[in-house]
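Observations on the three-dimensional arrangement
The primary structure of each chain is shown beneath.
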Amino acid sequence: MKYSFVICALFLGFSNSIQAQTPNPLEQIGYLLEDALLYSKQYLIPATDGAVYQASSAWMSSAKRKKDWQISVGIRANTFKVPNSDRSFIINNSDFKFLRLEGTETSAEVPTALGSDDTFNLIGDLGGQQVKLKTPKGVNQEFITHPYLDVSFALPSGSEIVGRFSNKTDLKRGYYQVYGFGLKHNLSQYFPKIESKKIYISAMSFYSNEDISFDFLDVNTSFGNLGINNLNGIVDTYHYQLSVSKEIKRFEILGSFIVNTSNFNYIVSGEKGEIENLIPAQDIINSLLDTIQERKTNYIGEVAVNYSFRDFNFLSAFAFGKFINFNAGVSYKVN
């Protein structure tokens, strides 16, 4: 699809005020928004992929059936290791229709949202005036950690409702937030011979919503700021987990297999720019971002250890697949 043609067609009525200028600035703005779309896809997707892993870990602290009506409240911390392969990507002048690297370089390795804080200058020509902007920085962190609250409520028949919530966690140039809820059911209760060996099996399904935001492109033109300074990735994920555990005295060792399916949505947000007096730039770029929405499936393994002491449970979990994720925390049995 030729996005710049669509943009020009949608806003042809605005061209009368600027048609005397050559080349047509409206068409150039269309090219600029196309370039922003191309950049946003490569910049943010590694971060939203990682956010899914952060939201998948340590939902099941025990495969055992809990006492009916038991309530547990926990505080945990999730640590995500940023892989080197997702910290940068290559841009080439030939990739863009409006922008180009300043100077003589024709290509550069720039950070993703999970990358370094290096920046490069991009320039373009709009109606005979130069547009200059800096590439967005990454979080510049090898590990990303966020705390969250975990609550569970045991129902009769071996089921359990689980929920988690985190406040917005600052990421230097953005934030990360997650919430979710799920339902666990103990399966080994139907096989007394298995449980007699202190082996437990449970299945769980849960939903999580991940919201990750980063500073994006601060673009000033002779027509005003474009208002695409902030870029959000919103991910809806449905998880399915099967866990087997072995109890050894106060310890319970769990092995889990997790499958999840995620829907990824991207939007620019924040204060609208002055260019909105000419064209609705935010609405345009968000319409274009709709074209890169996608669904992904992940397969994740997890190993966890749960240690019980009186009314407290201490959990540490290690999830692995495309990414590596660590989780640790403590929960308290309220009743």
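Refer to the structure printed above.
Okay, so let's go over this structure. Treat the numbers as computed from the prediction; the structure is a model and nothing was measured.

**Remarks on the side chain of Ser62**
- Of note, Ser62 is situated in the loop between α2 (25-56) and β1 (71-81).
- There is a polar contact of 3.1 Å between the side chain of Ser62 and the backbone nitrogen of Lys64.
- With near-sequence residues (within four places) excluded, Ser62 lies in contact with Lys184, Glu252, Leu254 and Asn306.

**Some details on the nonpolar core**
- If you look at the biggest cluster of nonpolar residues, it comprises 61 residues, and the most contacted ones within it are Tyr43, Ile91, Phe214 and Ile285.
- If you tally residues by element for this core, the top one is α2, at 15 residues.
- In this structure Ile285 touches Leu33, Ala36, Leu37, Ile228 and Val268, once residues within four positions along its chain are discounted.

**Quick word on the sheet that holds strand β6 (residues 129-134)**
- The antiparallel open sheet is built from three strands, whose spatial order is β3-β5-β6. Across the chains shown, the open sheet's two edge strands, defined by having one partner strand only, are β3 (100-101) and β6.

**Points about the layout of surface pockets**
- Taken as a whole, the largest pocket encloses approximately 290 Å³ of empty space.
- Along the wall of the largest pocket there are 21 residues; nearest its centre are Ser62, Asn306, Ser308, Asn313 and Lys333.
- For the lining of the largest pocket, the secondary-structure elements that each account for two or more residues are β1, β7 (143-154), β15 (251-269), β16 (294-309) and β18 (324-333).
- Its volume calculated, the second largest pocket comes out at about 190 Å³.
- Lining the second largest pocket are Thr119, Leu133, Lys134, Thr135, Pro136, Lys137, Arg173, Asp215, Phe216, Leu217, Asp218 and Asn229.
- Here the lining of the second largest pocket is built from residues that sort into four nonpolar, three polar and five charged.

**With respect to the pattern of salt bridges**
- Enumeration according to the criterion identifies ten salt bridges in this entry.
- With its nearest N and O atoms 2.9 Å apart, the salt bridge here joins Asp49 to Lys296. Of this pair, Asp49 sits in helix α2 while Lys296 sits in strand β16, and the two are 247 residues apart along the sequence.
- Close ionic contact of Lys184 with Glu160 constitutes a salt bridge, the shortest N to O distance being 3.2 Å. Of this pair, Lys184 sits in strand β10 (residues 174-186) while Glu160 is found in strand β8 (residues 159-165), placing the two residues 24 residues apart along the sequence. Here the two residues Lys184 and Glu160 agree in accessibility, since each one is buried.
- Through salt bridges with shared partners, one network takes in Asp49, Glu294, Lys296 and Lys322.

Parameters and conventions
Residues numbered from 1 in each chain as written. Predicted model: local features only at pLDDT ≥ 70, side-chain atom pairs only at ≥ 80, totals over all residues. Heavy atoms only, no water. Helix = DSSP H or I, 4+ residues; strand = E, 2+ residues; numbered from the N terminus. Polar contact = N/O pair within 3.5 Å; in protein donor to acceptor, adjacent residues only side chain to side chain. Contact = heavy atoms within 4.5 Å. Core = buried A, V, L, I, M, F, W, Y, C linked by side-chain atoms within 4.5 Å. Buried < 20%, exposed > 50% of the residue type's maximum accessible area, 1.4 Å probe, protein only. Pairing = 2+ DSSP bridges. 1 Å grid on protein atoms, 1.4 Å probe; cavity = no way out; pocket = protein on both sides within 12 Å on 5 of 7 lines; lining within 4 Å. Points joined across faces, edges and corners; volume = space filled by probe spheres on them. Nonpolar A, V, L, I, M, F, W, Y, C, P; charged D, E, K, R; others polar. Salt bridge = Lys/Arg side-chain N within 4 Å of Asp/Glu carboxyl O.

Bear in mind that shape data such as this cannot, by itself, settle questions of function.
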